[in-house]
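# Structural description and commentary
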Amino acid sequence: MSKRPIDDQMMKDYERGKELYETKIKPLVDPQEKGKLLVLDITTEDYVIGRDLGYITKELLDLHPDAILHTVRIGHPTVYKIPRLR
């Protein structure tokens, strides 16, 4: 499986999603949601919160098929932690 190279647009979309989450969405999210996943459409600023990434992604894409998605784990710096292999 080959990796898709990260291009300038992908980086701009990532930065936009990060900015939207930090400035507009994060203040609205209940602290009891910590640990859940949040999928954000950076175009419409709609978002869905849940525990199952596949389900909430589908839910958002059903609403906005052309969504540009940004995902965060609420209260954590990354969506997933990859264990270090030795």
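Reading the values: the criteria
- Residues numbered from 1 in each chain as written.
- Predicted model: local features only at pLDDT ≥ 70, side-chain atom pairs only at ≥ 80, totals over all residues.
- Heavy atoms only, no water.
- Helix = DSSP H or I, 4+ residues; strand = E, 2+ residues; numbered from the N terminus.
- Polar contact = N/O pair within 3.5 Å; in protein donor to acceptor, adjacent residues only side chain to side chain.
- Buried < 20%, exposed > 50% of the residue type's maximum accessible area, 1.4 Å probe, protein only.
- Lys, Arg positive; Asp, Glu negative; His and termini not counted.
- Salt bridge = Lys/Arg side-chain N within 4 Å of Asp/Glu carboxyl O.
- Contact = heavy atoms within 4.5 Å.
- Core = buried A, V, L, I, M, F, W, Y, C linked by side-chain atoms within 4.5 Å.

### Comments concerning the environment of Thr 23
If you trace the backbone, Thr 23 turns up in helix 1 (residues 8-25). Within the structure, the side chain of Thr 23 is placed 2.7 Å from the backbone oxygen of Glu 19, a separation counted as a polar contact.

### Here's the deal with unusual backbone geometry
Positive phi values are uncommon outside glycine, yet Glu 45 reaches one of about 70°. Tracing the sequence through the fold places Glu 45 in the loop between strand 1 (37-41) and strand 2 (47-50). On the accessibility criterion, Glu 45 (24% relative accessible area) is partly exposed.

### Some remarks on the side chain of Asp 41
Note on placement: Asp 41 falls in strand 1. No salt bridge is formed by the buried Asp 41; the nearest opposite charge belongs to Arg 16, separated by 9.3 Å. In terms of polar contacts, Asp 41 uses its side chain to reach the backbone amide nitrogen of Thr 43, at 3.0 Å. The residues touching Asp 41, leaving out its near neighbours within four places in the chain, are Asp 46, Leu 60, His 64, Ala 67 and Ile 68.

### Examining the nonpolar core
Listed in full, the nine residues of the largest apolar core are Leu 20, Tyr 21, Ile 25, Val 29, Leu 38, Leu 40, Ile 42, Val 72 and Ile 74. Only helix 1 and strand 1 provide two or more residues apiece to this core. Looking at this core element by element, the count peaks at three residues for helix 1. Every residue in contact with Val 29, bar those within four places of it in the chain, is listed here: Leu 38, Ile 49 and Ile 74. Among the nonpolar cores identified, the runner-up in size contains five residues, and Leu 37, Val 39, Val 48 and Ile 56 belong to it.

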